[in-house]
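# Chain and residue survey
This is what each chain is made of:
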Amino acid sequence: MLLTVDRLEKSYGDGAQRQRVLDGVSLTLAAGESLAITGESGSGKSTLLHLIGLLDTPDAGDIALNGEAISALDEAGRAARRRDTVGLVFQQFNLVPSLTVAGNLALQARLAGKHDPAWIDTLATRLGLSGFLTRYPEQLSGGQQQRVAVGRALAARPTLLLADEPTGNLDEATSADVLELMLELCRDAGTALVMATHSASAADQLSRRAHLTRGRLS
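So, here is what we can say about the structure in this document.

### Some remarks on the packing of aromatic side chains
With the rule as written, the count across this model stands at zero aromatic pairs. One cation-aromatic arrangement involves Arg157 over Trp119; the distance from NZ or CZ to the ring centre is 4.3 Å.

Right, dumping it as structure tokens:
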């Protein structure tokens with residue numbers, strides 16, 4: 001099993017204001033599989049992805065990636081796993097404004113020591129970005145920026161891609177196009193996908209779906 005999440009708990013706030021966001025969440029994901037996490041805004045979808053992606057630490061529970069317990073790693077260990085194994089795509093594109101499209105596409109792969117120019121070229125072609133490689137993020141449409149973000153996340157061929165409402169800021173037609181490309185590229189790279197989404201139609205395109213309500217998956 002590529003990913004195992006076991007009885008994950010997370011709360012925010014102090015005292016009477018403390019709110020439990022995740023309440024014993026468990027899930028598994030096999031290599032190459034795709035899972036949609038649905039739920040209302042504020043249901044904890046982003047929190048769950050942040051914990052799996054080692055951007056935050058749980059209050060209780062365990063996360064294992066490739067059989068290795070990762071939830072108790074120190075900051076340096078978490079950063080190394082994010083760099084080497086996990087790709088991240090957010091609703092906000094989070095591109096580096098001072099880098100061109102080519103620079104943004106290659107950034108994560110270079111950091112991970114996995115830069116493969118042929119794969120970068122393939123990503124640029126498949127994502128329709130070959131004619132924009134010398135442009136900067138501010139010179140691109142929203143859909144184009146999200147394509148760059150997807151390409152950057154997949155450039156290092158991560159074993160796991162985490163996508164948090166990746167098409168939430170795009171119009172319906174562009175959303176469908178970006179999602180289709182992301183799923184195709186994940187299959188080609190052998191990358192497993194966990195995607196948080198409020199869209200039922202988007203969730204239907206993944207191999208499995210789980211719904212998050214009041215901190216629990218169903």
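### Brief notes about the sheet that holds strand S2 (residues 19–29)
On the basis of which strands lie adjacent, the open sheet formed by four strands has the order S2-S1-S4-S5 and antiparallel pairing. For this open sheet the edge positions go to S2 and strand S5 (68–69), each flanked by a neighbour on one side alone. For strand S1 (residues 3–12) and S2, the ladder comprises eight bridges, and the chain directions are antiparallel. By the bridge assignment for S2, Leu3 is matched with Leu29. Across the sheet, helix H1 (residues 45–52) touches S1, S2 and strand S4 (60–65), and the angle it forms with S1 is around 120°.

### A closer look at the side chain of Thr197
Structurally, the position occupied by Thr197 is in the loop between strand S8 (192–196) and helix H7 (200–203). The class of Thr197 is buried, set by a relative accessible area of 3%. Polar side-chain contacts of Thr197 include one of 3.0 Å to the backbone nitrogen of Ser199. With near-sequence residues (within four places) excluded, Thr197 lies in contact with Ile37, Thr38, Gly39, Lys45, Glu165, Ala202 and Ala203.

Cut-offs used in this document
- Residues numbered from 1 in each chain as written.
- Predicted model: local features only at pLDDT ≥ 70, side-chain atom pairs only at ≥ 80, totals over all residues.
- Heavy atoms only, no water.
- Phe/Tyr/Trp six-rings, centres within 6.5 Å; stacked < 30°, edge-to-face > 60°.
- Lys NZ or Arg CZ within 6 Å of the ring centre and 35° of its normal.
- Pairing = 2+ DSSP bridges.
- Helix = DSSP H or I, 4+ residues; strand = E, 2+ residues; numbered from the N terminus.
- Contact = heavy atoms within 4.5 Å.
- Axes fitted to C-alpha atoms, helices over the stretch in contact; angles between N-to-C directions.
- Buried < 20%, exposed > 50% of the residue type's maximum accessible area, 1.4 Å probe, protein only.
- Polar contact = N/O pair within 3.5 Å; in protein donor to acceptor, adjacent residues only side chain to side chain.

Geometric descriptors of this kind do not, in isolation, establish any biological role.
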